[in-house]
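Chains, contacts and geometry: an overview
Each chain, letter by letter, is given below.
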Amino acid sequence: MKKIKAVIFDMDGVISNTIPLHYIVNKRVADQLGIEYSHEWNMSMQGLSRTDTVKEIVAASGKNVTQEEFEELCDQKNKHYRNLLGGITESDAQPGIRPFIEQLSELGLPLVVASASRNAPFVLTQLKLKGYFKDIVDVTTLKRGKPDPEIFLKAADLAGVKSGECVAIEDGAPGLKAILQTDMYAVGVGDYDYLKEADAHFRSTEAMTVSALEKHLNQKGWTLYE
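Model, not experiment: these values are computed from the prediction.

Concerning the pairing of strand β5 (residues 166-170)
β5 sits mainly inside the fold: 5 of its 5 residues count as buried. Here β5 shows a buried face lined by Cys 166, Ala 168 and Glu 170 and a second buried face lined by Val 167 and Ile 169. Alignment of strand β2 (residues 6-9) against β5, held across 4 bridges, turns out to be parallel. By the bridge assignment for β5, Ile 8 is matched with Ala 168.

Encoded structure:
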C-alpha cells in the first residue's frame, strides 16, 4: 500500500457552511446589475476569487462597467461578506467535518487549506478549527486562481509532500477541475453531478468519514495509515 501523506481542503462548503453567505453577497451584485442569480450559478462559481466572481456576473449582465465601478462592486461585495462572517460560530462548521478533521490530525497527517477566500484564516478561527491546520495557502501569492491547479500544488509544497501523495477535497466545479489536472487523489463532496468525476464522491460531509475515505483509497492501493 502507498501512503497518503497530507490532506488538502477547500474551505467554503467543505469545512464551513458559508455557501449561503456567498449566495447572499453575489445575488446583491447581480441585483445591482439587473440580472437574476440562482443557487446553481452560485455553486458553479464556488472556488473562484472575488474578482473572478464579479467578472462572471458583470459579463453575464452584458453591461459595460468602468474599472472604478468594477472595483467598487468588488469592495462592496467583500464588505458585505465580512459583515456576515462576523456572525459565524463553531456551529457553522459543515456537519461531521470537525470529527473528520480531528481524526486525520490524530493520524499525524499535515492538513492544509486551499481556499480562494482571503478570509480563510478568519473563518477557521471563528470555527475554532484553525489550530488543526499546518498551513493555509495565501492566495495573494498566487499567479492564477482555480480552476488552475496552482493553489493545490502550493498546498502540497506547504505540507512538505509530493502532489501525488495528497488527498484534495472540493465541492466546487472550478476547484475539482483544478485537482483533476494534478496527480492528487480527488474527493468531491456534495450533491452535484460534476462531483462524480472525482476519484471518490460523498454526497455530504457527514458521509465523508475517515473510514469511508480509507475504503475508497484502498481500492486504488492507497492508505492513510502506516
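Continuing now.
A word on the packing of helix α3 (residues 50-61) against helix α4 (residues 67-85)
Relative orientation of the contacting elements α3 and α4 amounts to 120°, with a least axis distance of 10 Å. By the angle class used here, α3 and α4 are oblique. The handedness of the crossing between α3 and α4 comes out as right-handed. Each of Arg 50, Thr 51, Thr 53, Val 54, Lys 55 and Val 58 in α3 lies in contact with α4, whose residues at this interface are Phe 70, Leu 73, Cys 74, Lys 77 and Asn 78. When grouped by side-chain class, the residues that make up the contact of α3 with α4 number 5 nonpolar, 3 polar and 3 charged.

Considering the side chain of His 22
Note that His 22 resides in helix α1 (residues 19-32). Classification of His 22 by relative accessible area gives buried; the value is 12%. Here the side chain of His 22 touches Asp 12 through a polar contact of 3.0 Å, side chain to side chain. Apart from the residues lying within four places of it in its own chain, the contact partners of His 22 are Asp 12, Asn 42, Gln 46, Lys 77 and Tyr 81.

Examining the sheet that holds strand β3 (residues 111-113)
Here we have 6 strands laid out as an open sheet, ordered β4-β3-β2-β5-β6-β7, and parallel in their pairing. Either end of the sheet is taken by a strand with one partner, and the two such strands are β4 (135-136) and β7 (200-202). As judged from the 4 bridges shared by β5 and strand β6 (residues 185-189), these two strands associate in the parallel manner. Each bridged residue has a counterpart across the sheet, and for Ile 169 the counterpart in β6 is Val 187. Helix α7 (residues 150-159) contacts β2, β3, β4 and β5 of the sheet and is inclined by roughly 140° relative to β2.

Side note on helix α9 (residues 210-219)
Buried within α9 we find Val 210, Ala 212, Leu 213, Glu 214 and Leu 217. As for α9, its buried residues are in contact with α5 (97-106), β5, β6, β7 and β8 (222-223). Gly 221 occupies a position one or two residues after α9 and carries a positive phi of about 85°.

Details of the packing of aromatic side chains
One pass over the full model with this rule turns up 5 aromatic pairs. Ring geometry for Phe 9 against Phe 100: centres 6.1 Å apart, planes inclined by 75°, an arrangement best described as edge-to-face. Remark: Phe 100 occurs in helix α5 and Phe 9 occurs in strand β2; sequence separation between them is 91 residues. Accessibility expressed as a relative area gives 2% for Phe 100, which makes it buried. Aromatic pair Phe 9 and Phe 133: ring centres 5.6 Å apart, planes at 90°, arrangement edge-to-face. Of the two residues, Phe 9 is situated in strand β2 and Phe 133 in the loop between α6 (120-126) and β4; the sequence distance between them amounts to 124 residues. Overall, the relative accessible area of 0% leaves Phe 9 in the buried class. Relative accessible area serves as the criterion here: at 9%, Phe 133 is assigned to the buried category.

What counts and what doesn't
Residues numbered from 1 in each chain as written. Predicted model: local features only at pLDDT ≥ 70, side-chain atom pairs only at ≥ 80, totals over all residues. Heavy atoms only, no water. Buried < 20%, exposed > 50% of the residue type's maximum accessible area, 1.4 Å probe, protein only. Helix = DSSP H or I, 4+ residues; strand = E, 2+ residues; numbered from the N terminus. Pairing = 2+ DSSP bridges. Axes fitted to C-alpha atoms, helices over the stretch in contact; angles between N-to-C directions. Parallel < 35°, antiparallel > 145°, perpendicular 65-115°, else oblique. Left-handed = near helix turned anticlockwise from the far one by under 90°. Contact = heavy atoms within 4.5 Å. Nonpolar A, V, L, I, M, F, W, Y, C, P; charged D, E, K, R; others polar. Polar contact = N/O pair within 3.5 Å; in protein donor to acceptor, adjacent residues only side chain to side chain. Phe/Tyr/Trp six-rings, centres within 6.5 Å; stacked < 30°, edge-to-face > 60°.

Keep in mind these numbers describe shape, not what the thing actually does.
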